[in-house]
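Here are the chains, one letter per residue:
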Amino acid sequence: MRTKIAAGNWKMNGLTESLAEIDALLPQISDGQTKAIICPPATLISSLAAKASGQPLSIGGQDCHAAASGAHTGDVSAAMLKDAGADCVILGHSERRADHGETDADVAAKTLAAWDNGLVAIVCVGETEAQRDAGITLQVIRDQLAGSLPDGATPANTIIAYEPVWAIGTGRTPTLDQIAEVHDDMNATLDTRFDAGFSLLYGGSVKPGNAAEIFAVSNVDGALVGGASLKASDFGAIWSALNAA
Ligand code: 13P
């Protein structure tokens, strides 16, 4: 059975006072078959990791540089994330692809750096609204998976997140049939090139109110949650919906 995962992406949100959300979240989650991950900004990784120590909560980064170290002002390496207490790292988020011009090749290089440092890569793919309107969604996703995943990806070292760009932070979500179509196709695509069994997360305006119906969709193993992960009560409710699915 594939691992069920509720992952929160805090994006560029969170100060020291946000540690209180972790205190509030921990009693809402438990050890077992449903994993919880929070990816705070890099500045908070070590303090969140200290709180999560011994608890059923993993901490992740939101990006890493492909290089091991060097003259890259402002960047963070995979080894630094690991050293700060992260277990995983989000790579190829559409906001990084858009804001920083990251290509599939960049994402693949970062994925290798993550693996080299014992981090699980959470690799994001997703179509723009124009691409969906043009009827090329499945091809876009297949191309992103082909280009962003190096050989050697396994369900143990890589999690896939499908995040339609037009559904992120908009309150709009694809229909359940549209989510199923993409997730079924991703599953088949990954099966062809790699082993079966990757956890496939859906992301884009997941809230407590729509989580259960999304988690009932075929080949959806969890969620990558943005805005609703900032509040422990919302993220805890999403984790509970997944745990019950
Ligand atoms: P929202 O849940 O805020 O739409 O963000 C989704 C996302 O981008 C998670 O990585």
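Note: the structure precedes this text.
Every chain's residues receive numbers from 1 upward, in the order its sequence appears when written. Whole-chain, interface and lining totals are the exception, using all residues; otherwise, since this is a predicted model, local features are given only for residues with pLDDT of at least 70 and side-chain atom pairs are given and counted only at 80 or more. No hydrogens and no water enter the side-chain calculation; it runs on all heavy atoms of the structure.

**Student:** Outline the sheet that holds strand β6 (residues 158-162), listing residues and values.
**Tutor:** Read around the barrel, 8 strands follow the order β1-β2-β3-β4-β5-β6-β7-β8 and close on themselves; strand pairing throughout is parallel. The sheet shows a mean angle of 25 degrees between the axes of neighbouring strands, taken without regard to direction. Two strands make a pair as long as DSSP finds a minimum of two bridges between them. Secondary structure elements are defined from DSSP: runs of H or I of at least 4 residues count as helices, runs of E of at least 2 residues count as strands, and each element is numbered from the N terminus. One ladder, built from 3 bridges, connects β6 with strand β7 (residues 200-203); its direction is parallel. When the bridges of β7 are listed, Ile160 appears paired with Leu200. Set on the sheet, helix α8 (residues 176-193) makes contact with β5 (120-125), β6 and β7; between it and β7 the angle comes to about 150 degrees. Relative to the sheet, helix α10 (residues 232-244) contacts β1 (4-9), β2 (34-39) and β8 (222-225), its axis offset from that of β1 by approximately 165 degrees. Every axis corresponds to a line fitted to the C-alpha atoms, with the helix fit spanning only the stretch in contact, and the corresponding angles, defined between N-to-C directions, vary from 0 to 180 degrees. Residue contacts are defined here by distance: any two heavy atoms, one from each residue, within 4.5 Å place the two residues in contact.

**Student:** Go over the environment of Val89 with me, naming the residues and quoting the values.
**Tutor:** Within the secondary structure layout, Val89 lies in strand β4 (residues 88-91). Per-residue accessibility, obtained with a 1.4 Å probe over protein chains only, is compared with the maximum for each type, and a residue is labelled buried under 20%, exposed over 50%, and partly exposed between these values. Of the residues examined, Val89 reaches a relative accessible area of 0% and is grouped as buried. In this structure, Val89 is in contact with Gly61, Gln62, Asp63, Cys64, Leu81, Ala114, Leu119, Val120, Ala121 and Ile122, ignoring residues within four places of it in sequence.

**Student:** Please provide a residue-by-residue account of helix α7 (residues 137-148), values included.
**Tutor:** Each α-helix winds once per 3.6 residues, and so residues spaced three or four apart point in a common direction. To estimate how far a helix should reach, multiply one less than its number of residues by 1.5 Å. Spanning 12 residues, α7 covers 16 Å between terminal C-alpha atoms, matching the ideal 16 Å at 1.5 Å per step. Among the residues of α7, Thr137, Val140, Ile141, Gln144, Leu145 and Ser148 are the ones counted as buried. The buried residues of α7 occupy one face: seen down the axis, they fall within an arc of 130 degrees. The inward-facing, buried residues of α7 abut α4 (94-99), α5 (104-116), β5, α6 (129-133), β6 and α8. This arc is built from the directions going out from the helix axis to the C-beta atoms.

**Student:** Which residues make up the nonpolar core, and what are the values?
**Tutor:** With 62 residues, the main nonpolar core has Ile38, Leu57, Ile160 and Met186 as its most contacted residues. Element by element, the count of residues in this core is highest for α10, at 6 residues. Ignoring sequence-local partners within four residues, the contact set of Ile160 consists of Val123, Val125, Leu145, Leu149, Met186, Leu190, Phe198, Ser199, Leu200 and Leu201. The nonpolar core is taken to be a set of buried Ala, Val, Leu, Ile, Met, Phe, Trp, Tyr and Cys residues, with the residues joined through side-chain atoms within 4.5 Å. Among the nonpolar cores identified, the runner-up in size contains 12 residues, and Ile90, Ile122, Cys124 and Leu201 belong to it.

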